[in-house]
Amino acid sequence: MTNSFNHLFKNKILPNIRVFLTEIYSNLLSTQRKMSFFDNFFNDTGVSKSSQKSRTFIGKVTPIYQKFVINPEVSNGISYAGILLPFSLKFRRLVKRPILSFFANHIINYPTPINLTYAWSFGFLAGISLLIQIFTGLVLSMHYSPNIDLAFSSVEHIMRNVNYGWWFRYTHANGASMFFIVVYAHILRGLYYGSYMAPRQLLWCSGVVILLLMMATAFMGYVLPWGQMSFWGATVITKMFSVIPFVGERIVEWLWGGFTVNGATLKRFYTMHFVLPFVIAGFVLLHLALLHKDGSNNPLGVDDAEMIPFYPYYFLKDIHALFVYLLIFSTLVHFYPNYLGHPVNYIPADSMRTPAHIVPEWYFLPYYAILRSIPDKVGGVVCMFGSILILFTVPYTNFSMIRSAHFRPIYKVFFWIFVADFFLLMWIGQMPMRNSYILLGRYATAYYFIFFIFLIPVSGYIETLLLTHKIENKN
Ligand code: HEM
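These numbers come from a predicted model, not from an experiment.

Time to look at the nonpolar core. Judged by nonpolar contacts, the single largest core of 43 residues is most densely connected at Leu125, Ala126, Phe179, Val182, Val223 and Trp226. The set of elements that each furnish at least two residues to this core consists of helix H8 (122–141), helix H9 (151–160), helix H10 (165–193), helix H11 (201–223), helix H12 (228–239), helix H14 (263–294) and helix H15 (310–335). Leaving out residues up to four positions away in the same chain, Ala126 has contacts with Phe179, Val182, Val183 and His186. Among the nonpolar cores identified, the runner-up in size contains 13 residues, and Tyr367, Ile370, Leu425 and Ile428 belong to it.

With that out of the way, let us pick up helix H19 (residues 409–429). For H19, spanning 21 residues, the distance from its first C-alpha to its last is 31 Å, which sits close to the expected 30 Å at 1.5 Å a residue. Those residues of H19 that fall on the buried side of the exposure criterion are Tyr411, Phe418, Asp421, Leu425, Ile428 and Gly429. One side of H19 holds all its buried residues, which, seen down the axis, span an arc of 95 degrees. The exposed set on the far side of H19, more than 90 degrees from its buried face, consists of Pro409, Trp416, Ala420 and Phe423.

Around the ligand, the surrounding shell holds 28 residues, and the nearest of these are Gly123, Ala126, Ser195, Gly207 and Asn297. Where the shell around the ligand is concerned, the elements lending two or more residues are H8, H10, H11 and H14. Taken together, the residues of the shell around the ligand sort by class into 18 nonpolar, nine polar and one charged.

What follows concerns the environment of Leu286. Of note, Leu286 is situated in helix H14. It is 7.6 Å that separates the C-alpha atoms of Leu286 and Ser206, two residues lying 80 residues apart in sequence.

Between H10 and H15, whose axes approach to 10 Å, the crossing angle comes to 135 degrees. By the criterion of interaxial angle, the relationship of H10 to H15 is oblique. Crossing handedness for the pair H10 and H15: right-handed. Residue-level contacts link Tyr170, Thr171, Asn174 and Met178 of H10 to Phe329, Leu332 and Val333 of H15. Taken together, the residues of the contact of H10 with H15 break down into five nonpolar, two polar and no charged.

Time to look at the packing of H11 against H12. Here H11 crosses H12 at 135 degrees, and the two axes come no closer than 8 Å. Between H11 and H12, the interaxial angle falls into the category oblique. Note on element contacts: H12 touches H11 through Ser230, Gly233, Ala234 and Ile237, opposite Phe219, Tyr222 and Val223. Of the residues in the contact of H11 with H12, the class split is five nonpolar, two polar and no charged.

Next up on the list: unusual backbone geometry. Glycine aside, the phi torsion of most residues is negative, and most peptide linkages are trans. Cis geometry is adopted by the peptide bond preceding Pro199, which originates at Ala198 and carries an omega value of 5 degrees. Mapped onto the secondary structure, Pro199 falls in the loop between H10 and H11. A cis amide bond, omega 5 degrees, links Tyr311 with the succeeding residue Pro312. Tracing the sequence through the fold places Pro312 in helix H15.

Moving on, we get to the confidence of the model for the chain. When the pLDDT values of the chain are averaged, the result is 86; 84% of them are 70 or greater. Counted against residues more than four places away or in other chains, residues 28–86, with its pLDDT under 50, gives 57 contacts.

With that settled, consider the environment of Asn338. By secondary structure assignment, the location of Asn338 is in the loop between H15 and helix H16 (365–373). C-alpha separation for the pair Asn338 and Ala173, spaced 165 residues apart in sequence, amounts to 9.0 Å.

Thresholds, definitions, all that
Residues numbered from 1 in each chain as written. Predicted model: local features only at pLDDT ≥ 70, side-chain atom pairs only at ≥ 80, totals over all residues. Core = buried A, V, L, I, M, F, W, Y, C linked by C-beta atoms within 7 Å. Buried ≥ 20, exposed ≤ 12 C-beta atoms within 10 Å, placed from the backbone. Helix = DSSP H or I, 4+ residues; strand = E, 2+ residues; numbered from the N terminus. Contact = placed C-beta atoms within 7 Å. Expected span 1.5 Å × (residues − 1). Arc of directions from axis to C-beta. Near = placed C-beta within 6 Å. Nonpolar A, V, L, I, M, F, W, Y, C, P; charged D, E, K, R; others polar. Axes fitted to C-alpha atoms, helices over the stretch in contact; angles between N-to-C directions. Parallel < 35°, antiparallel > 145°, perpendicular 65-115°, else oblique. Left-handed = near helix turned anticlockwise from the far one by under 90°. pLDDT = per-residue confidence, 0-100.

Here it is, written out as structure tokens:
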């Protein structure tokens, strides 16, 4: 028995192990050879690694393929060893086909900086939120009636009679809140790490368009249950367009499809609420295409970060973030489903009775606070819309040489005050119109705009000045 095992080990197992090890060794050797080739290529171009680093540090456009070429480990070593080795030859051939290769390039092998934190999972979670909203919305639309006499009771019918209707409705309503939480976190991440700076200006602007579409969709969705807050919220917001000179009143009537918010308004809001998420999905694809053009920014804000493939590293990291997200989401849906809503919206719409306080959903409160803090009607509406549109200007007013706020001591302070200011505005937005709150709202509104118009450009300018002064002194 022992003899036969010895024989088997010597003649069969050992030679196989030897072949296996030799194969790995030769693979490593060829990787080494390719690495030195890339090193030579790199030296041939006459650009040293350190000067490349300092140039990319200030935001030079670096196409993604260049990163591959420059960083030899990405193209030959860990990434492909980690990714392609576990798959069969058949699979490797399969991913070369046109459609599959698209997914392989953009999801599996997509090169991602090695140092991304969980702050980079918010984009993925925003995508998941969009899918959840579309799916639950489709189910709700099968039972909802966009008619002013039926809308309120059709929602109650969903809650009481439709199988798991309550679950779909609560998931859809709280899903909107979760969507805004992750998108606000996504935007703040971008503002902190300077993700909007060159070469990602267009990526940022496509995000702002998505934000505007999301806001329009959420606003119209809130009108559909046809409760008191739905009706009066729709009335207050649509009436804002009357401030447009000369044609304002006519535009409002055109939006309403009549002389008040009425059945025609509900129907068109329902249609738009149904179709806009698909338009958003289109913009998300554009957003991702723009992201993949230059690749992700990273917490250090450098362009030549080491790269690893998206799968399995960030795929697993995003899945972990997804579980945390789902934990919070399901706690909301199953234990506090009405916590973020307003009880007045459980009263059917009545055009003859105005509620004592008209307040929007929590995610619109900061903008509502801005609207109310300006004494002039036209000024209030302009500032409210301006507070969102001003996001478009950020990539073009930041003159900093450094992207990440980690290395921007002055900007970092202003950024965190801005975050506190945003929450302060959110709180003021739901308080009654008393003098003390109005005054506080004015200060908070002032800081909101000063941050974008003055502090972003000036802090960047001062920091650049200090940095160049330090470099010049060193030389
Ligand atoms: C439906 C809404 C959105 C979805 C599904 C979405 C999706 C994504 C995804 C998947 C990424 C890559 C992963 C990440 O960096 O987090 C990303 C990156 C990015 N997004 Fe969005 N996004 C949305 C809204 C926005 C908004 C509103 C903005 C800005 C106003 C924005 C600006 C950016 C920027 C600048 C990046 C690059 C970040 C970096 O590389 O550091 N996105 N987005």
